[in-house]
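Breakdown of the fold
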Amino acid sequence: MKLTLSVIKADIGSIGGHIGPSRKLLDAVKALVAERGKVDLLDHTVGSTGDDIAILMTHRHGAGSPIVHGLAWEAFVAGAQVAKEQGLYGAGQDLLKDAFSGNVHGMGPAAAELEIEERPNEPFLLFAADKTDPGAFNFPLYLAFVDAMNTPGLILSPKISQGFRFVIMDVNHTTGDRVIELLAPEQIYDIAALLRDPERYVVESVWSRATGEQAVAVATSRLHNIAGRYTGKDDPVMLVRTQMNFPATGEVLAPFAAGHYVAGGMRGSHNMPLMPVALGTTTSYFDGPPLVTCAAFCVHEGRLTEPLDAFSHPFWDEVRHNVTRKAVDMRRQGFFGAAMLPMGELEYTGISEKLATLDKAFKIRPPVTRADAA
Ligand code: F6R
Ligand code: MG
Ligand code: MG
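Heads up: these notes are all about the structure in this document. Quantities reported herein were computed from a predicted structural model and do not represent experimental measurements. (Residues numbered from 1 in each chain as written. Chains lettered and ligands numbered in written order. Predicted model: local features only at pLDDT ≥ 70, side-chain atom pairs only at ≥ 80, totals over all residues. Heavy atoms only, no water.)

1. Focus on the coordination of the magnesium ion (ligand 2)
Threshold: Here the coordinating atoms are restricted to nitrogen, oxygen and sulfur within 2.8 Å of the metal centre, or 3.2 Å for Na, K and Ca, and because water is not among them the sites may look incomplete. Under the scheme used here, helices are H or I runs from DSSP no shorter than 4 residues and strands are E runs no shorter than 2 residues, and both carry numbers assigned from the N terminus. Exposure is judged per residue with a 1.4 Å probe applied to protein chains only, and the accessible area is read against the type maximum: over 50% gives exposed, under 20% gives buried, and values in between give partly exposed.
All of the protein donors around the magnesium ion (ligand 2) are Asp11 (OD), His18 (ND1) and Asp51 (OD); their distances to the metal are 2.1 to 2.8 Å. Here the donor residues for the magnesium ion (ligand 2) map to a single chain with the spacing D-x6-H-x32-D. Between the magnesium ion (ligand 2) and the magnesium ion (ligand 3), a separation of 3.5 Å is found, and both are coordinated by aspartate 51. Placement of the pair is aspartate 11 in the loop between β1 (3-10) and α1 (23-40) and aspartate 51 in the loop between β2 (43-49) and β3 (52-59), with a sequence separation of 40 residues. One exposure class covers both aspartate 11 and aspartate 51, and it is buried.

2. Notes on the pairing of β2
Our working rule: At least two bridges found by DSSP between two strands are what make those strands a pair.
Taken together, the 7 bridges between β2 and β3 define a ladder with antiparallel strand orientation. Among the inter-strand pairings, glycine 47 is bridged to a residue of β3, identified as alanine 54. Hairpin connection between β2 and β3: a loop of 2 residues separates the two successive antiparallel strands, and glycine 50 in this loop has a positive phi of roughly 55°.

3. As for the side chain of aspartate 130
The criterion, for reference: In the analysis that follows, any N or O atom pair within 3.5 Å is treated as a polar contact, provided that within protein one partner can donate a hydrogen and the other can accept it, and provided that, for residues neighboring in sequence, both atoms belong to side chains. Contacts are residue-level and defined by heavy atoms, with any inter-residue pair within 4.5 Å sufficient.
Here aspartate 130 shows up in strand β5 (residues 123-130). Polar contacts involving the side chain of aspartate 130 include one to the side chain of lysine 131, which spans 2.7 Å. Dropping the residues within four chain positions of it, aspartate 130 is found in contact with Thr49, Gly50, Asp51, Asp52, Asp235, Thr283, Pro290 and Leu291.

4. Considering the layout of surface pockets
Over the atoms, a rolling probe the size of a water molecule traces out where space has been left empty. Convention followed: Cavity and pocket criteria rest on a 1 Å grid covering protein atoms alone: a 1.4 Å probe that fits but cannot get out defines a cavity, protein on both sides within 12 Å along at least 5 of 7 lines defines an open pocket, and an atom within 4 Å of a point defines a lining residue. Grid points are joined across faces, edges and corners, and a volume is the space filled by probe spheres set on the points. Ten residues, namely Ala, Val, Leu, Ile, Met, Phe, Trp, Tyr, Cys and Pro, are considered nonpolar, four, namely Asp, Glu, Lys and Arg, are considered charged, and the remaining ones, Gly among them, are considered polar.
The space that makes up the largest pocket amounts to roughly 700 Å³. Broken down by secondary-structure element, the contributors of at least two residues to the lining of the largest pocket are β4 (110-116), β6 (164-170), β8 (201-208), β9 (214-218) and α7 (223-227). The residue makeup of the lining of the largest pocket, split by class, is 13 nonpolar, 10 polar and 6 charged.

5. So, the pattern of salt bridges
Pairing between side chains becomes possible if they bear opposite charge and their charged atoms approach one another. For clarity, the threshold we go by: Salt-bridge detection follows one rule: a side-chain nitrogen of Lys or Arg within 4 Å of a carboxyl oxygen of Asp or Glu.
In the structure shown here, the tally under the stated rule is 17 salt bridges. One salt bridge in this structure joins glutamate 122 and arginine 241, with 3.0 Å as the shortest N-O distance. Of this pair, glutamate 122 sits in the loop between β4 and β5 while arginine 241 sits in strand β10 (residues 237-241), and the two are 119 residues apart along the sequence. We note that glutamate 122, like arginine 241, is buried. Across the pair lysine 131 and aspartate 130 runs a salt bridge, and its minimum N-O distance is 2.7 Å. As far as burial versus exposure is concerned, lysine 131 and aspartate 130 are alike and both buried.

6. Some remarks on the coordination of the magnesium ion (ligand 3)
Ideal values differ by geometry: the angle at a metal is 109.5 degrees with four tetrahedral donors, but 90 or 180 degrees with six octahedral donors. Every protein donor of the magnesium ion (ligand 3) is listed here as Asp51 (OD), Asp52 (OD), Asp130 (OD) and Asp235 (OD), and their distances to the metal cover 2.0 to 2.5 Å. In the primary sequence, the donor residues of the magnesium ion (ligand 3) line up as D-D-x77-D-x104-D.

7. Side note on the sheet that holds β4
The condition that has to hold: Fitted lines through C-alpha atoms give the axes, limited to the stretch in contact for helices. The angle between two N-to-C directions lies from 0 to 180 degrees.
One open sheet accounts for 4 strands, arranged β2-β3-β1-β4; its pairing is antiparallel. Pairing within the sheet leaves two strands with one partner each, and these edge strands are β2 and β4. Adjacent strand axes in the sheet meet at a mean angle of 15°, parallel and antiparallel pairs treated alike. In the packing of α1 onto the sheet, contacts are made with β2 and β3, and the angle to β2 comes to roughly 160°.

8. Quick look at α1
Filter applied, for reference: Helix span, expected: 1.5 Å multiplied by one less than the number of residues in the helix.
Between its first and last C-alpha, α1 extends 25 Å over 18 residues, near the 26 Å set by a 1.5 Å rise per residue. Buried residues of α1: Leu25, Leu26, Ala28, Val29, Val33, Gly37 and Asp40, and no others. Those residues of α1 hidden inside the fold are in contact with β2, β3 and α2 (66-86).

The structure is reproduced here in structure tokens:
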């Protein structure tokens, strides 16, 4: 029977603005998952990235299971209750609906799930990002699964050389899942043409063409599309299986050394570089910079090892310094041009309201004629 890895995450309240959850809140979530998980899960672990809490669960109920999604929802409700009692900022903010209806999709929390035939050894990575949206993973996934300059496995390993199938979602389409399937390497320019627009086209999953196995699952929900006027970022999670028929762990981590610019940071409305940080890191400068953690695991018969912290290695200190420099450079130009997100991505309506008022004050100046000039 297949094993399912489910990670479900939500922002249900934080200390000091959008910095991080309180210990009491985390404990409430952990306690509920531990209690309910005795019956419904094979194993689980709970962690935080910025102000988001991610629950990783292993089980045999399949992807989208009401049992597993319901468990996560209840855990977040219990955490939100504590957040309210403690007066935390944004208490319960990602729980967009009052009652659970079978699956967290469209309800606020984000989910990424892999249904797998467990390999004899099964290494995988759990990425969680805060103050950004799911398109933040387009860049590292393109490099890891398409580009031999990043991933020598694409030319060294016969299985990996057969390439990967990308499933890409148009996240602006809200009346159902609008997806396209493209094959690497034949269609890499088509893949590139879509992934260059990470606010609209988002990698949902990646599959091995050699074996048909799923390598990647990304939580693709865009909350402002679901809720209409949600004033935050989606803060995505992603699961990536590594080694053997998939890119090596180091090949998947390598693209994060670029500290690429992503949508996120202050008021969910700015472009900032993505900083790889240690597990449990909170948010700071300019409500950012957007951050990403990576917990590495192996799973055997559904039992998880402890997480190892992939970005706590000294190598990433220099990357973080570089990201800091990039962040400060970008902030020098305030709200001008590339620093602030385009109109459609702003999490606030202030500018469009201002522009609507100013629009009425514009006048068409009559053309200057020869007679006027004389
Ligand atoms: C994401 C996050 C931000 C905020 C956004 C709106 O974790 O914290 O995207 O949600 O800055 O914040 P408020 O509602 O406080 O204006
Ligand atoms: Mg937040
Ligand atoms: Mg967050």
